[in-house]
Structure formats: structure tokens, C-alpha cells
Amino acid sequence: MAAQAAPYGLGTPVTPKQISGWNIDVAPDGKNLPPGSGTLAQGQQLYAAQCVACHGAKGEGGIGDRLAGGFGTLKDKKPIRTVGSYWPYATTLFDYIRRAMPLTAPQTLSDDEVYAVTAYVLSLNGLWPEGQAADARTLLKVRMPNADGFVADPRPDVH
């Protein structure tokens, strides 16, 4: 007979508002992309102020990962995995920047700033049109070069 867990009376129920601060993941299909928008020009300014020290002026890398280039190298002995050559979804870039950047102060960028930097990093890879604002709608229109380079997880318990 399995033991039944006894209630210990510890903690308090979590409210939806408390959970919302942690529930910031963005799915490949754009689920959970927040409202807001940013421009390429804003992204370029933010990148120069917040990102260039680690990722280089043109996304060539430095103490941080290389972000641009590497197209056509994934089958090489030493592939160059960048946002443009390897990542399958533009929404993944938004999610990563939102959660983890800048390195010294993660999650300090506003949603508008994350949209702007996302557009700029995509532009470094030739994947963002000049003059187009980045938002939940336009980000989903980006077709990443390696979008078909990943296989779905075949486990029956993964949705």
C-alpha cells in the first residue's frame, strides 16, 4: 500500500499574478510573445550599448558567442553555429534575449527593447527588412534558414 502524503500546512497558494513574472517563455509558434514593438534603429543603438562588448560590432563574437554568419557551414567539420545559420525560430532569439541578456543584468530590457535587439541581430544575418518594426506579428513571419534542420521529439509524452 502506497503511503499518502500528509499536508504540512507550509507555504501559501501562488496567485496568477505571482506566476506571471516567471511565465515568460515564448514558444516557436509565438505563444506568449508580449505586446510591444521595436525598430531596427532602436535595436542598433541598444546593441551598441549593451551587446557589442561581448558579441562584437557585427555579431562576429568575442567573449560572447558569434551571432552572425556561418551560412552553409553546418555540415563542415567545424560548423559555425550562429543565430542565422543554426537557430530554427526567430521567436527563440526573442525568448533568449528576454531571459538572459544582457549578461550582467538579465531580464532588464523592456519588451520593446527585446523586440528591437531581436530585429537588429536578425538584420546582422540578412533576415530582417529595413524599416519594418518588430512585434509579435512580424517576428512570426521570419523564415530562419535552418528551420527544417531539427527533428521533432518522437517521445509520446512530449507535446
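Our structure is the block above this text.
Basis of the calculations
Residues numbered from 1 in each chain as written. Predicted model: local features only at pLDDT ≥ 70, side-chain atom pairs only at ≥ 80, totals over all residues. Heavy atoms only, no water. Helix = DSSP H or I, 4+ residues; strand = E, 2+ residues; numbered from the N terminus. Rg over C-alpha atoms; globule rule 2.2 N^0.38 Å. Buried < 20%, exposed > 50% of the residue type's maximum accessible area, 1.4 Å probe, protein only. Arc of directions from axis to C-beta. Contact = heavy atoms within 4.5 Å. Salt bridge = Lys/Arg side-chain N within 4 Å of Asp/Glu carboxyl O. Core = buried A, V, L, I, M, F, W, Y, C linked by side-chain atoms within 4.5 Å. Axes fitted to C-alpha atoms, helices over the stretch in contact; angles between N-to-C directions. Parallel < 35°, antiparallel > 145°, perpendicular 65-115°, else oblique. Left-handed = near helix turned anticlockwise from the far one by under 90°. Nonpolar A, V, L, I, M, F, W, Y, C, P; charged D, E, K, R; others polar. 1 Å grid on protein atoms, 1.4 Å probe; cavity = no way out; pocket = protein on both sides within 12 Å on 5 of 7 lines; lining within 4 Å. Points joined across faces, edges and corners; volume = space filled by probe spheres on them.

Chemist: Can you help me understand the overall build of the protein chain in this one?
Modeler: The number of helices and strands found in the protein chain is six helices and zero strands. Starting at the N terminus and walking to the C terminus, you meet the elements of the protein chain as α-α-α-α-α-α. Its C-alpha radius of gyration of 19 Å places the protein chain more than 25% over the 15 Å reference for a compact globule of 159 residues. Referenced to the eigenvectors of the C-alpha coordinate spread, the extents of the protein chain come out at roughly 60 × 35 × 30 Å.

Chemist: I tried to follow helix α2 (residues 40-50) on my own but got confused; where do I start?
Modeler: At 3.6 residues per turn, the α-helix brings residues three or four places apart onto the same side. L40, G43, L46 and Y47 are the residues of α2 that are buried. For α2, the arc enclosing every buried residue in end-on projection is 120 degrees, short of the 170-degree limit, so these residues lie on one face. Those residues of α2 that are exposed and aimed more than 90 degrees away from the buried face are Q45 and A49. As for α2, its buried residues are in contact with α3 (52-55) and α5 (111-124).

Chemist: Is there a simple way to explain the pattern of salt bridges in this structure?
Modeler: Pairs can form between side chains of opposite charge once their charged atoms are near each other. By the definition in use, this model includes four salt bridges. As a salt-bridge pair, R143 and D148 come within 2.6 Å of each other at their nearest N and O atoms. The burial state of R143 is the same as that of D148; both residues are exposed. We note a salt bridge from R155 to D153, for which the minimum N-O separation is 2.5 Å. Overall, R155 belongs to the partly exposed group, its relative accessible area being 48%. Looking at D153, the relative accessible area reads 34%, which means it is partly exposed.

Chemist: Any chance you could explain the nonpolar core here in plain terms?
Modeler: Here is a general trend for soluble globular proteins: nonpolar side chains tend to be buried in one another's company. Judged by nonpolar contacts, the single largest core of 28 residues is most densely connected at L122, W128 and L139. Taken together, the elements giving at least two residues each to this core come down to α2, α4 (90-100) and α5. Ranked by residues supplied to this core, first place goes to α5 with eight residues. In contact with L139, other than residues within four places in its own chain, are L33, A90, T91, F94, Y115, T118, L122 and W128.

Chemist: Hey, could you run me through the packing of α4 against α5 in this one?
Modeler: Each pair of packed helices can be summarised by the angle the axes make with each other and by the distance between the axes. At their nearest, the axes of α4 and α5 sit 9 Å apart, and the two run at 130 degrees to each other. Relative to α5, α4 is oriented oblique. Like other packed secondary-structure pairs, α4 and α5 cross with a definite hand, here right-handed. Residues A90, L93, F94, I97 and R98 of α4 lie in contact with α5, whose contacting residues are D111, V114, Y115, V117, T118, V121 and L122. A per-class count over the contact of α4 with α5 returns nine nonpolar, one polar and two charged.

Chemist: What exactly am I supposed to notice about the layout of surface pockets here?
Modeler: Empty pockets left among the atoms are what a rolling probe the size of a water molecule brings to light. Estimates place the volume of the largest pocket at around 410 Å³. H55, D65, L67, Y96 and M101 are, among the 23 residues lining the largest pocket, the residues nearest its centre. Those elements that provide at least two residues to the lining of the largest pocket are α2, α3, α4 and α5. At three residues, α4 tops the list of elements feeding residues into the lining of the largest pocket. Its residues placed into classes, the lining of the largest pocket shows 16 nonpolar, four polar and three charged.

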